[in-house]
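In case you want the letters, here they are:
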Amino acid sequence: MSTTSARSARPAAAGRASFDSVNPATGAVVGTHPVHDAEAVGAAVAAAGEAAGWWAGLGFDGRRRVLLDYKAVLTRELRRIAALAHEETGKPIADATLETVLAITHLDWAARNARKVLGRRRVGTGLIGANLAATLEYLPLGVVGVIGPWNYPVFTPMGSIAYALAAGNAVVFKPSELTPGVGALLAELFAECVPDRPVFQVVTGLGETGAALAGHPGVGKIAFTGSTATAKRVMAACAENLTPMVAECGGKDALIVDADADLAAAADAAVWGAMSNAGQTCVGVERVYVVERVYDDFMRELTERARGVRSGEHYGPITMPEQTDIIRRHVDDALARGGRAVVGGADSVRPPYVDPVVLADVPEDSAAVREETFGPTLTVRKVATVSEALERANAVAYGLGGTIFSGNPRRAMELARSMLSGMTAINSVISFAGVPSLPFGGTGDSGFGRIHGADGLREFTRPKAISRQRFAVPGMNLTSFSRSPADLERLVKLVTFLHGRRKS
Ligand code: NDP
């Protein structure tokens, strides 16, 4: 069993460096890809800039036709995409299939809703502007650079790519060096629909390739998914050209179990939310807070289920070999500081696999509770009330997703609204990610900006506001040096009439 990392480039015979993507379960080379240097990235951005004009010119209906065509191609090639994602990440084919299906539903939604969300519409002008007509529309930015992660190599980048394309932008996508084949395949399949124009290109390579994309002045926006630390570096590169950015970073999501929750369902959700994809999910469950009245019953349900989950069968290996060191550090530190391993333990980390680990009574200031573990591990803590659970859930620097299990819909909604996160699921786990009309993104160390939904479409546009004077209003000549004191007096009277009355 090898844990060979793809994280080194080597010069190729032809002069251009290349690197391999490697199956993390077997160490077998899956594919060899070029390292695109700054010059190659610049050429891709320049070509995308030209293609962007053509793509924007197709209008909403033209783009919708192409994107629905692309959706059909992806759907027909679903098994091929899933097989490659399985090879590059090690995740089960079923999971790779599921993420591809979700990506397809997002592409469909973005294609069908772009006109409604972004198209030109008239907006009200108010009484003071009664002589004006106002329109608002959302125009493309030109070239969007997408820097993607390896944990969901289809679903996650497609959350930016589909919405950026539907909004009328060309895309240059830099997939993670661990999953370049999947990225290249997504672009290759798009080229079946648009063979002559580089509307969607992929550049491959290591971190430097992504840095060249982020720092290129021809890029209108960067959509980044990855760690908070790298997001800061990307943001610094973007600052050079004042390039805006969406940052989808990690999380430390909590699941709260209320006293009247369906405990079997909550335990099932906690185990799947924490262990599926070997815990390598930005919105995966990493912490559970359980009201004391039901703690013992919940733990029985949880441990029984977690003991039935097997690495190598229900989920794959740790995709990024270095991650096992982080997982080991979190587990060892938790145990050294008085935590109890209820399921698994220090021996569960056996690269490239990590068996399920459930830790109880871990101090709240330890790494396993505060830092993103990104492994199939879970900390569980008994709390007196759901208010305490919420307080603890909100006490970390991250704020991406979260989950509430409660039998009381009103209290569940109150808790969900008070959770410091971009998304919260009630009585289900991660369900928000599959609803294309819901925006996805975080707060705090989890980043900013949104993909998915109407907000995700607008994210890749610039609002264009136009006001047109339909007729001049005599005696209200306000934006001219010929304005008289009487004009101003009339304005003050009007504004006093409109806004001068107190309501209480
Ligand atoms: P990174 O944040 O390092 O990488 C994410 C993407 O950014 C990759 O495509 C990477 O390319 C690229 N990149 C790296 N350095 C730069 C740079 N200087 N400029 C531009 N792009 C760059 O994540 P890792 O893959 O190293 O994972 C580390 C941690 O990030 C994980 O342990 C996990 O906690 C978190 N993570 C969170 C994800 C999420 O979904 N929120 C997804 C993945 C990771 P390359 O792969 O070639 O280095």
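Throughout, a residue's number is its position along its own chain's written sequence, starting from 1. Local features in this predicted model are restricted to residues whose pLDDT is 70 or higher, and side-chain atom pairs enter the listing and the counts only when it is 80 or higher, whereas totals over whole chains, interfaces and linings include all residues. Side-chain descriptors were evaluated using all non-hydrogen atoms of the structure, hydrogens and water having been removed beforehand.

**Points about the overall build of the protein chain**
Next, step 1: Numbered from the N terminus, helices here are DSSP runs of H or I no shorter than four residues, and strands are runs of E no shorter than two. Along its length, the protein chain carries 16 helices and 23 strands.
Next, step 2: Radius of gyration here is computed from C-alpha atoms only, and the compact-globule reference equals 2.2 Å multiplied by the residue count raised to the power 0.38. Taking 2.2 N^0.38 as the reference for a compact globule, 504 residues should give roughly 23 Å; the C-alpha atoms of the protein chain span a radius of gyration of 26 Å, in line with that estimate.
Next, step 3: Viewed in the frame of its principal axes, the protein chain has a C-alpha envelope of about 85 × 70 × 40 Å.
Next, step 4: Two residues form a contact once any of their heavy atoms are found within 4.5 Å. Residue pairs at least 24 apart in sequence account for 71% of intrachain contacts in the protein chain once pairs closer than 6 positions are excluded.

**Side note on the UniProt feature "active site" (unreviewed entry) in the protein chain**
Next, step 1: UniProt positions are given in the numbering used here, feature names are shortened, and annotations may be inferred rather than shown by experiment. Sequence positions flagged by UniProt for "active site" (unreviewed entry) are, in local numbering, Glu-248 and Cys-282. Considering the C-alpha atoms alone, the annotated residues occupy 35 residues of sequence yet fold into one spot, their largest mutual distance being 8.8 Å.
Next, step 2: Locating Glu-248 in the fold gives a position in strand E10 (residues 245-248).
Next, step 3: Looking at Glu-248, the relative accessible area reads 4%, which means it is buried.
Next, step 4: Not counting chain neighbours up to four residues away, the residues in contact with Glu-248 comprise Phe-224, Thr-225, Gly-226, Leu-400, Phe-440, Gly-441, Gly-442, Ser-446, Gly-449, Arg-450 and Ile-451.
Next, step 5: Mapped onto the fold, Cys-282 is located in the loop between helix H9 (263-275) and strand E12 (285-291).
Next, step 6: Each residue's exposure class comes from its accessible area (1.4 Å probe, protein chains only) as a fraction of the maximum for that residue type: buried when under 20%, exposed when over 50%, partly exposed otherwise. Using a relative accessible area of 14% as the deciding quantity, one classes Cys-282 as buried.

**Brief notes about the packing of aromatic side chains**
Next, step 1: Working definition: rings of Phe, Tyr and Trp (its six-membered ring) pair if their centres are within 6.5 Å, and the pair is stacked with planes under 30 degrees apart, edge-to-face with planes over 60 apart, and tilted otherwise. Within the structure shown, the criterion is met by seven aromatic pairs.
Next, step 2: Arranged with centres 5.7 Å apart and planes meeting at 85°, the rings of Trp-150 and Phe-374 form a pair that is edge-to-face. A residue pair is termed long-range when its members are at least 10 positions apart, and Trp-150 in the loop between strand E6 (143-147) and helix H5 (155-166) and Phe-374 in the loop between helix H12 (367-370) and strand E17 (377-383) qualify at 224 residues. An identical accessibility class is assigned to Trp-150 and Phe-374; each is buried.
Next, step 3: Ring centres of Phe-190 and Phe-200 lie 5.7 Å apart, and the angle between their planes is 70°; on these two criteria the pair is classed as edge-to-face. Of this pair, Phe-190 sits in helix H6 (residues 180-193) while Phe-200 is found in strand E8 (residues 200-202), placing the two residues 10 residues apart along the sequence.
Next, step 4: The buried category is assigned to Phe-190, whose relative accessible area is 1%.
Next, step 5: A cation over an aromatic ring shows up here: Arg-63 above the ring of Phe-60, its NZ or CZ 5.0 Å from the ring centre. Criterion for a charge above a ring: Arg CZ or Lys NZ at most 6 Å from the ring centre, at most 35 degrees from the ring normal.

**Brief notes about the pairing of E10**
Next, step 1: The alternating pattern of E10 places Met-245 and Ala-247 on one face and Val-246 and Glu-248 on the opposite face, and all of these are buried.
Next, step 2: Pairing geometry for strand E9 (residues 221-225) and E10, over four bridges, is parallel. Each residue of the ladder has a partner; that of Ala-223, found in E10, is Val-246.
Next, step 3: Handedness is read with the strands pointing away from the viewer; a crossover is right-handed when the path from the first strand over the helix to the second is clockwise. Note on the crossover from E9 through helix H8 (residues 228-239) to E10: the handedness is right-handed.
Next, step 4: If DSSP finds at least two bridges between two strands, the strands pair. In the sheet, E10 pairs with strand E22 (residues 447-448) via two bridges, with the strands oriented antiparallel. Counted as the bridge partner of Glu-248 is Gly-447 from E22.

**Some thoughts on the site of the ligand**
Next, step 1: With respect to spatial proximity, 29 residues lie near the ligand, and among them Gly-148, Trp-150, Glu-177, Gln-323 and Glu-372 are the closest.
Next, step 2: Between the ligand and the protein, one listed contact pairs an oxygen atom with a side-chain N or O atom of Trp-150 at 2.5 Å.
Next, step 3: One of the side-chain N or O atoms of Gln-323 is found 2.4 Å from an oxygen atom in the ligand.
Next, step 4: Taking 860 Å² as the accessible area of the ligand by itself, protein coverage stands at 90%.
Next, step 5: The set of elements that each furnish at least two residues to the shell around the ligand consists of helix H7 (207-214), E9 and H8.
Next, step 6: Counting residues per element, the shell around the ligand draws most heavily on H7, which supplies three residues.
Next, step 7: Three residue categories are used. Nonpolar comprises Ala, Val, Leu, Ile, Met, Phe, Trp, Tyr, Cys and Pro, charged comprises Asp, Glu, Lys and Arg, and polar comprises the others, including Gly. Each residue belonging to the shell around the ligand can be placed in one class, and the counts come to 12 nonpolar, 12 polar and five charged. A molecule or strand has a residue near it when one of that residue's heavy atoms lies within 4 Å. Polar contacts here mean pairs of N or O atoms no more than 3.5 Å apart (in protein, one a potential hydrogen donor and the other a potential acceptor; neighbouring residues in sequence count only if both atoms are side-chain atoms). Areas reported here follow the Shrake-Rupley algorithm with a probe of radius 1.4 Å; residue values treat only the protein chains shown as occluding.

**As for the side chain of Ser-406**
Next, step 1: Its location among the elements puts Ser-406 in the loop between strand E19 (402-405) and helix H14 (409-418).
Next, step 2: Within the structure, the side chain of Ser-406 is placed 3.4 Å from the side chain of Asp-260, a separation counted as a polar contact.
Next, step 3: What Ser-406 contacts, discounting residues up to four positions off in sequence, is Asp-258, Asp-260, Ala-261, Arg-411, Ala-412 and Asn-427.

**Thoughts on the UniProt feature "domain: Aldehyde dehydrogenase" (unreviewed entry) in the protein chain**
Next, step 1: With numbering aligned to this structure, UniProt lists the feature "domain: Aldehyde dehydrogenase" (unreviewed entry) at residues 17-466.
Next, step 2: In residues 17-466, helix accounts for 42% and strand for 21%; the two terminal C-alpha atoms are 49 Å from one another.

**Brief notes about the nonpolar core**
One recurring pattern in soluble globular proteins: nonpolar side chains tend to sit buried together.
Next, step 1: In plain words, nonpolar cores are sets of buried Ala, Val, Leu, Ile, Met, Phe, Trp, Tyr and Cys residues tied together by side-chain atoms within 4.5 Å. Membership of the largest hydrophobic core comes to 123 residues, with the highest contact counts inside it found for Tyr-70, Phe-190, Phe-200, Val-288, Phe-298 and Leu-302.
Next, step 2: Counting residues per element, this core draws most heavily on helix H4 (residues 93-118), which supplies 10 residues.
Next, step 3: Among all residues touching Phe-298, those that are not within four sequence positions of it are Val-257, Leu-263, Ala-266, Ala-267, Ala-270, Val-288, Val-290 and Val-380.
Next, step 4: Counting 22 residues, the second largest nonpolar core, distinct from the first, contains Val-41, Val-45, Ala-247 and Cys-249.

**Here we look at the sheet that holds E12**
Next, step 1: Pairing is mixed in the open sheet, where seven strands are placed in the order E13-E16-E17-E12-E11-E19-E20. What marks the edges here is a single partner per strand, and that holds for strand E13 (340-343) and strand E20 (425-426).
Next, step 2: Inspection of the sheet shows strand E16 (residues 357-360) paired to E17 by four bridges, in the parallel sense. In the strand pairing of E17, Ala-360 is matched with Val-380.

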